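Now for the letters of each chain:
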Amino acid sequence: MATAPPASTSTSPQRKSFNVGTRKSKLALAQTDLVVNALKNAYPGYDFSIKSKDTAGDRDKLTALKNMTSKNLWTEELEELLAAGHLDVIVHSLKDVPTLIPSTCSLGGVLTREDPRDVLIVKPGLPYKSLSELPAGSVVGTSSIRRTAQLALKYPHLKVESVRGNIETRLAKLDAEDGPFQCIILAAAGLLRVGLGDRITQYLDSKNGGFLYAVGQGAIGIEIRSDDDTVLAMLNEIGHKKTLLEVLAERSLLRVLEGGCSAPLGVESEWITDSNGKTKLRMRSIVVSVDGTRSSQVELDSVVESPAAAEAFGLEVAKELVAQGAGSILKDIKENKATS
């Protein structure tokens, strides 16, 4: 059993009660339970209270994500409560967390990553088993500019329409007899965590469907106050190092490209062993224009054994993407958004 952590300089040494913040969705609460249960197992004498609330991204279920001006739709209000001391921990889907967070907050750790891939879910009763089988004009539901761009690149014969809401809401829209969608694309991790893995028709990756996933997808990010050494020490007991290094590299890549949540940037990370027996992190990444007519894709390997090395690797991948044309694609997207 883990020993009690050192106290933060700003808190009492007797501190044993902690408030854990999250959104109210079924998935958010399921992910928070994973974190709280891990903390309870490591620190059985401590008390962890879950405090949930709807955020701006939850309340506005109609506006397409690409048209929303804020990048902090799911995090800002919880971060304000964290900074004010009302919360000690916030549990996020890491892909929803902007790469630049307030200086009063920091990423305290991540749990072991769930399957990070995107998945295809076909409307019940339709015979199709993959994206490639869908006939021309089939409507794919997604609110992600990344998925929209990759669909335009790989499957220009398909039509994309925005679909918003939590997992259950999106599935209901797909299943509706009079609904417009033949299929939707979601993250595997969310479906698996809420027990809906049986709805998955096809797993999508670089080899199947030609899809790369979102930065941080499948990882549970745990945000804390930047000066809270007590909670940081606790999270070090339950965190997963390889996942942390993966997502730090991915988030560094995204930060350098200044893409934010609305960038058509996909990644795919895996650990490999090279011919000399060295363990390396391999990252594939792609940036695609929204209409799918231009793309920049790279694959690089690096020895990544520390957070600093992960950050440097993300920078290296970003520079290579820019050299392959990603910079001009992102510049055009930003200019078009500013004038629209």
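Our structure's up above, just so we're on the same page.
Here the residue numbering is sequential within each chain, running from 1 through the sequence in written order. Per-residue local features are limited, in this predicted model, to residues with pLDDT of at least 70; the limit for side-chain atom pairs, both in listing and counting, is 80 or more; totals at the level of whole chains, interfaces and linings are taken over all residues. To obtain the side-chain values, all non-hydrogen atoms of the structure were included, while hydrogens and water were left out.

K.L.:
Looking at this model, I keep getting lost on the packing of aromatic side chains. Mind explaining?
P.N.:
The relative placement of two aromatic rings is captured by the distance of their centres and the angle of their planes. Each Phe, Tyr or Trp ring, with Trp reduced to its six-membered ring, pairs with another whose centre is within 6.5 Å; inter-plane angles below 30 degrees give stacked pairs, above 60 give edge-to-face pairs, and intermediate values give tilted ones. Following the criterion strictly, the structure yields 3 aromatic pairs and no others. Between Tyr43 and Tyr46 the ring centres are 5.4 Å apart and the planes differ by 20°, which places this aromatic pair in the stacked class. A relative accessible area of 3% places Tyr43 in the buried class. Grouping aromatic residues by their ring pairs yields a cluster made of Phe18, Tyr43, Tyr46 and Phe48. When accessible area is computed with a 1.4 Å probe and restricted to protein chains, residues below 20% of their type maximum are described as buried, those above 50% as exposed, and intermediate ones as partly exposed.

K.L.:
Please clarify how the environment of Asp118 should be interpreted in this entry.
P.N.:
The numbering of helices and of strands both runs from the N terminus, where a helix is a DSSP run of H or I of at least 4 residues and a strand a run of E of at least 2. Considering the arrangement of structural elements, one finds Asp118 in strand E5 (residues 118-122). Sequence spacing of Asp118 and Gln202 is 84 residues, and the spatial spacing of their C-alpha atoms is 8.8 Å. Contacts of Asp118, omitting those with residues within four sequence positions, involve Arg146, Arg147, Ile185, Leu186, Ala187, Gln202, Tyr203, Leu204, Phe211, Leu212, Tyr213 and Gln217. Polar contacts involving the side chain of Asp118 include one to the side chain of Arg146, which spans 2.8 Å. Between two residues, a contact is recorded if the distance between any of their heavy atoms is within 4.5 Å. In protein, a polar contact means a hydrogen-donor-capable atom and an acceptor-capable atom, both N or O and within 3.5 Å, with residues adjacent in sequence counting only if both atoms are side-chain atoms; elsewhere, any N or O pair within 3.5 Å suffices.

K.L.:
Just checking my understanding: could you explain the sheet that holds strand E6 (residues 139-141) for this structure?
P.N.:
Adjacent strands of a sheet form backbone hydrogen bonds with each other and so pair up, either parallel or antiparallel. Pairing between strands is defined by DSSP: at least two bridges between the two strands are required. Strand order in the open sheet made by the 5 strands is E7-E6-E8-E5-E9, with mixed pairing throughout. Whereas interior strands pair on both sides, the edge strands pair on one side only; in this sheet they are strand E7 (159-161) and strand E9 (202-204). Neighbouring strand axes in the sheet, compared pairwise and without regard to direction, differ in orientation by 30° on average. Of the strand pairs in this sheet, E5 and E9 are connected by 3 bridges, and their pairing is antiparallel. Directly across from Leu120, in E9, lies its bridge partner Gln202. Lines are fitted to the C-alpha atoms to define the axes, a helix being fitted only along its stretch in contact, and any angle between axes, read from their N-to-C directions, falls within 0 to 180 degrees. Those strands touched by helix H4 (residues 145-154) are E5, E6, E7 and strand E8 (183-187), and its axis lies near 125° from that of E8.

K.L.:
How should I be thinking about H4 in this particular structure?
P.N.:
Listing the buried residues of H4 in full gives Ile145, Arg146, Arg147, Ala149, Gln150 and Leu151. The backbone nitrogen of Arg146 lies 3.2 Å from a side-chain oxygen of the residue at the head of H4, namely Ser144.

K.L.:
Even after reading the chapter, I still don't get the packing of helix H8 (residues 241-257) against helix H9 (residues 307-323), so can you show me in this structure?
P.N.:
Helix packing for two helices is described by the angle between their axes and how far apart those axes are. Following both chains from N to C, one finds H8 and H9 inclined at 40°, their axes separated by 7 Å at the closest point. Judged on the interaxial angle alone, H9 and H8 are oblique. Every pair of crossing elements has a handedness; the one defined by H8 and H9 is right-handed. Across the interface between the two elements, Leu245, Leu248, Ala249, Ser252, Leu253, Arg255, Val256 and Leu257 from H8 touch Pro307, Ala310, Glu311, Phe313, Gly314, Leu315, Val317, Ala318, Leu321 and Val322 from H9. Orientation labels follow simple angle bins: below 35 degrees gives roughly parallel, above 145 gives roughly antiparallel, 65 to 115 gives roughly perpendicular, and whatever is left gives oblique. For any helix crossing, the convention is left-handed if the near helix is rotated counterclockwise from the far helix by under a right angle, and right-handed if that rotation is clockwise.

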